[in-house]
Amino acid sequence: DGGITQSPKYLFRKEGQNVTLSCEQNLNHDAMYWYRQDPGQGLRLIYYSQIVNDFQKGDIAEGYSVSREKKESFPLTVTSAQKNPTAFYLCASSLQQGIDYGYTFGSGTRLTVV
Amino acid sequence: AQSVTQPDIHITVSEGASLELRCNYSYGATPYLFWYVQSPGQGLQLLLKYFSGDTLVQGIKGFEAEFKRSQSSFNLRKPSVHWSDAAEYFCAVGRTSGTYKYIFGTGTRLKVLA
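The structure reproduced in this document is the subject of the present report. (Residues numbered from 1 in each chain as written. Chains lettered and ligands numbered in written order. Predicted model: local features only at pLDDT ≥ 70, side-chain atom pairs only at ≥ 80, totals over all residues. Heavy atoms only, no water.)

A separate point is the overall build of chain A. Each helix and strand counted, chain A has zero helices and 11 strands in total. Beginning at the N terminus, the succession of helices and strands in chain A can be written as β-β-β-β-β-β-β-β-β-β-β. Overall, chain A is about 40 × 30 × 25 Å in size when its C-alpha atoms are taken along their principal axes. Buried positions account for 49% of the 114 residues belonging to chain A. Partitioning the contacts of chain A with sequence separation of at least 6, the portion at a separation of at least 24 is 53%. In the form shown here, chain A has an accessible surface area of approximately 5400 Å², with 47% of it arising from carbon and sulfur atoms. Across chain A, the centroid of the 11 positively charged side chains sits 8 Å from that of the 11 negatively charged ones. (Helix = DSSP H or I, 4+ residues; strand = E, 2+ residues; numbered from the N terminus. Buried < 20%, exposed > 50% of the residue type's maximum accessible area, 1.4 Å probe, protein only. Contact = heavy atoms within 4.5 Å. Areas by Shrake-Rupley, 256 points an atom, 1.4 Å probe, with all protein chains shown as cover. Lys, Arg positive; Asp, Glu negative; His and termini not counted. Charge placed at Lys NZ, Arg CZ, Asp CG, Glu CD.)

Dropping the structure here:
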C-alpha cells in the first residue's frame, strides 16, 4: 500500500547534537512538507518542497535544514541552532502544487532533547 | 493574511449525542477548506474537504461540514458520536493559487463519555 513512512517514531537528542528525521513516500507525490506540532499551537510549517532539488522555507525554518535529492525522500535535520527542538514532527505530501487533492500525513516522529 | 480559528480547545460529549466543532476562517477569496482528525501519537487523516459547489460536504466516518460564506465558517458535524471518535480535530484553509500551503487551526480535542 502507498503511504508516507516517518522514522524513527521516537528520537532522543542531547544538547548540541544534530539529528535527522526520515520521511519517505511511495505515492508519487510531487510536493512534500515538514510540520512541527506543539500542544495548543496547531501545526506550523518548517520547510516544503515542490520538486526535486528545490525547497523553500516555511514559517519556522530557523534551526532546521532539509534536502530533496529524490522525489520519494525529504529528510529533515534538526540542528543544534534550534533552541527548543522538543516537539512532534509531521511529514506530509500532496500530489501537486496548484491543484489540491489534500495532504497525506506520516505517523510522526516525537523528538525529545535530553 | 489567512487565518483559521477553532474557538473550542476541548469538547466533551456523550456517546450517541450529536457533535458540532466550530471553525472560522479569514481569507480574501473562496478558500479551500479541510477537516483532519488526529488520534494520539499519530498523523492526521483527511475527513473531508470543500473547494466549491454544494456547501454541505460529506466525509468519511459519518462526518459532514457546511461552508457558510456569510459567517466565514466551516463547522464539522456528526449526528451521533461513537467512542472511537475521541481524537483531536483540525480545520485547515489552503490557498487557491501559487505555492500551496495549508494554515491549520490550533485544534479541538474531543472527549466522548460512555
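This brings us to the sheet that holds strand 7 (residues 64-66) of chain A. All names here are of chain A. The strand order across the open sheet formed by four strands is 1-3-8-7, and the pairing between neighbours is antiparallel. The open sheet terminates on both sides in strands that have one partner only, identified here as strand 1 (4-7) and strand 7. Looking at each pair of strands side by side, their axes are set apart by 20° on average, direction ignored. Here strand 1 pairs with strand 3 (residues 19-25) via four bridges, running antiparallel. Considered in strand 3, the bridge of S7 is made with S22. (Pairing = 2+ DSSP bridges. Axes fitted to C-alpha atoms, helices over the stretch in contact; angles between N-to-C directions.)

Among all residues except glycine, the phi angle is most often negative; among peptide bonds, the trans geometry is most common. A cis amide bond links S7(A) with the next residue in sequence, P8(A), at an omega value of -10°. Locating P8(A) in the fold gives a position in the loop between strand 1 and strand 2 (10-13). The backbone phi angle of N28(A) is positive, close to 60°, even though this residue is not glycine. Here N28(A) lies in the loop between strand 3 and strand 4 (31-37). Classification of N28(A) by relative accessible area gives exposed; the value is 54%. Although it is not a glycine, S72(B) adopts a positive phi angle of roughly 50°. Tracing the backbone through its elements, the reader meets S72(B) in the loop between strand 8 (64-68) and strand 9 (73-78).

This paragraph deals with the layout of surface pockets. Looking at the largest pocket, its volume works out to about 430 Å³. As for the largest pocket, its lining consists of 21 residues, of which Q37(A), D38(A), P39(A), E88(B) and R109(B) are closest to the centre. Across the lining of the largest pocket, the residue classes tally to seven nonpolar, 10 polar and four charged. (1 Å grid on protein atoms, 1.4 Å probe; cavity = no way out; pocket = protein on both sides within 12 Å on 5 of 7 lines; lining within 4 Å. Points joined across faces, edges and corners; volume = space filled by probe spheres on them. Nonpolar A, V, L, I, M, F, W, Y, C, P; charged D, E, K, R; others polar.)

Bringing the interface of chain B and chain A into the picture now. Listed by partner, the interface residues are 19 residues for chain B and 22 residues for chain A. Between chain B and chain A lies a buried interface of about 1700 Å² when both sides are counted; carbon and sulfur atoms form 52% of it. Connecting chain B to chain A are zero salt bridges. Counting across the interface, chain B meets chain A through four residue pairs in polar contact (both at pLDDT 80 or more). (Buried area = accessible area lost by both parts, 1.4 Å probe. Salt bridge = Lys/Arg side-chain N within 4 Å of Asp/Glu carboxyl O. Polar contact = N/O pair within 3.5 Å; in protein donor to acceptor, adjacent residues only side chain to side chain.)

Further remarks concern the nonpolar core. Counting residues in hydrophobic clusters, the biggest one holds 26 residues, and the most contacted among them are L19(B), W35(B), L47(B), L48(B), F74(B), L76(B) and Y89(B). Elements with a minimum of two residues in this core: strand 2 (10-14), strand 3 (19-21), strand 5 (32-38), strand 6 (44-50), strand 8, strand 9, strand 10 (87-94) and strand 12 (108-113) of chain B. Looking at which element gives the most residues to this core, the answer is strand 10 of chain B, with four residues. Other than its neighbours up to four places away in sequence, L47(B) contacts W35(B), Y36(B), V37(B), G59(B), I60(B), K61(B), F63(B), L76(B) and Y89(B). Grouped together as the second largest cluster of nonpolar side chains are 20 residues, C23(A), I46(A), F74(A) and V78(A) included. (Core = buried A, V, L, I, M, F, W, Y, C linked by side-chain atoms within 4.5 Å.)

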